[in-house]
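Residue strings, one per chain:
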Amino acid sequence: MKLYTRTGDDGTTGLFGGGRVGKDHPRIEAYGTVDELNACIGVVVSACRASDPYERRLIEIFAQIQSRLFDIGADLATPEGSKNEAKIVRIDEPYVSESESWIDEIDAKNAPIRTFVMPGGTELAARLHVARTVCRRAERCMIHLSHGEPVSSGAITWINRLSDLLFAMARQANQVAGIADVPWVPAEKRT
């Protein structure tokens, strides 16, 4: 089977549940951004060293997260009530609870946050911050889609938690490397 099908040459793409929509449809934008997020997480994982206990734990967590992101992509590619709906996993409360337990685990080692934190620090933290911003965009795309079509509320909640987890991971990556948070200083206080 060839990789190319030529069916999308007219600017449309097929949904898993049947039917075709424009490649600029909010549904495609949503699952395309989730796919981009998954690729960003692949870039994060490529910076993790299995020899480091903290980074090894990130690798373990990200193996689960990347699978969930594929589930969300399939969810978004399969409108509710479509013929292939039974073949996909819809993200629900147990997955949200799992992500909250990861946040609690990682963030428990961080100092209490008192201000906005500048993204950056170590290379790993910077990669995590980039993934966090793409995660927030994926969330916005999913919410935009939800204004016109049903979107799993569990998937939206899970994506929201993921951005929090990525933030906690970035702060922890810097702390493990001995790099302190760089606080945001409002313009009026920089004089």
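Look above for the structure.
Residues numbered from 1 in each chain as written. Predicted model: local features only at pLDDT ≥ 70, side-chain atom pairs only at ≥ 80, totals over all residues. Heavy atoms only, no water.

Student: Sorry, what's going on with the pattern of salt bridges here?
Tutor: Any two side chains of opposite charge can pair if their charged atoms end up close together. On inspection of all chains with the given rule, the structure shows 15 salt bridges. With a closest N to O distance of 2.9 Å, Arg68 and Asp71 form a salt bridge. Taken as a pair, Arg68 and Asp71 lie in helix α2 (residues 53-76) at a separation of three residues, close to a single helical turn. You can call Arg68 buried: its relative accessible area is 12%. Residue Asp71 is classed as buried on the basis of its relative accessible area of 16%. Between Arg171 and Asp107 there is a salt bridge; the shortest N-O distance is 4.0 Å. (Salt bridge = Lys/Arg side-chain N within 4 Å of Asp/Glu carboxyl O. Helix = DSSP H or I, 4+ residues; strand = E, 2+ residues; numbered from the N terminus. Buried < 20%, exposed > 50% of the residue type's maximum accessible area, 1.4 Å probe, protein only.)

Student: Honestly, the packing of helix α1 (residues 26-46) against α2 in this entry has me stumped. Any pointers?
Tutor: For the pair α1 and α2, the least separation of the axes is 9 Å and the interaxial angle reads 165 degrees. One finds that α1 runs roughly antiparallel with respect to α2. Of the two elements, α1 crosses α2, and the hand of that crossing is left-handed. Contact with α1, carried on its side by Arg27, Ala30, Tyr31, Val34, Leu37, Asn38, Ile41, Gly42, Val44 and Val45, involves Ile59, Phe62, Ile65, Gln66, Leu69, Phe70, Ile72, Gly73, Asp75 and Leu76 of α2 and no other residues of that element. Here the contact of α1 with α2 is composed, by residue class, of 14 nonpolar, four polar and two charged. (Axes fitted to C-alpha atoms, helices over the stretch in contact; angles between N-to-C directions. Parallel < 35°, antiparallel > 145°, perpendicular 65-115°, else oblique. Left-handed = near helix turned anticlockwise from the far one by under 90°. Contact = heavy atoms within 4.5 Å. Nonpolar A, V, L, I, M, F, W, Y, C, P; charged D, E, K, R; others polar.)

Student: Please clarify how a nonpolar patch on the surface should be interpreted in this entry.
Tutor: A surface patch of nonpolar side chains, about 430 Å² in accessible area, is lined by Phe116, Met118, Val182 and Trp184. Trp184 sits in the partly exposed class, given a relative accessible area of 40%. (Patch = residues over 30% accessible without salt bridge, like charges linked within 9 Å, V, L, I, M, F, W, Y side chains within 5 Å. Areas by Shrake-Rupley, 256 points an atom, 1.4 Å probe, with all protein chains shown as cover.)

Student: Even after reading the chapter, I still don't get the nonpolar core, so can you show me in this structure?
Tutor: Nonpolar side chains tend to gather and get buried jointly when the protein is soluble and globular. Formed by 42 residues in total, the largest nonpolar core has its most connected members in Ile65, Met142, Leu162 and Met169. Sort the elements by how many residues they give to this core and helix α5 (residues 153-176) lands first, with eleven residues. Beyond its immediate stretch of four places on either side in the chain, Leu162 contacts Leu37, Ile41, Ile65, Leu69 and Cys135. (Core = buried A, V, L, I, M, F, W, Y, C linked by side-chain atoms within 4.5 Å.)

None of this, on its own, says anything about what the molecule does.
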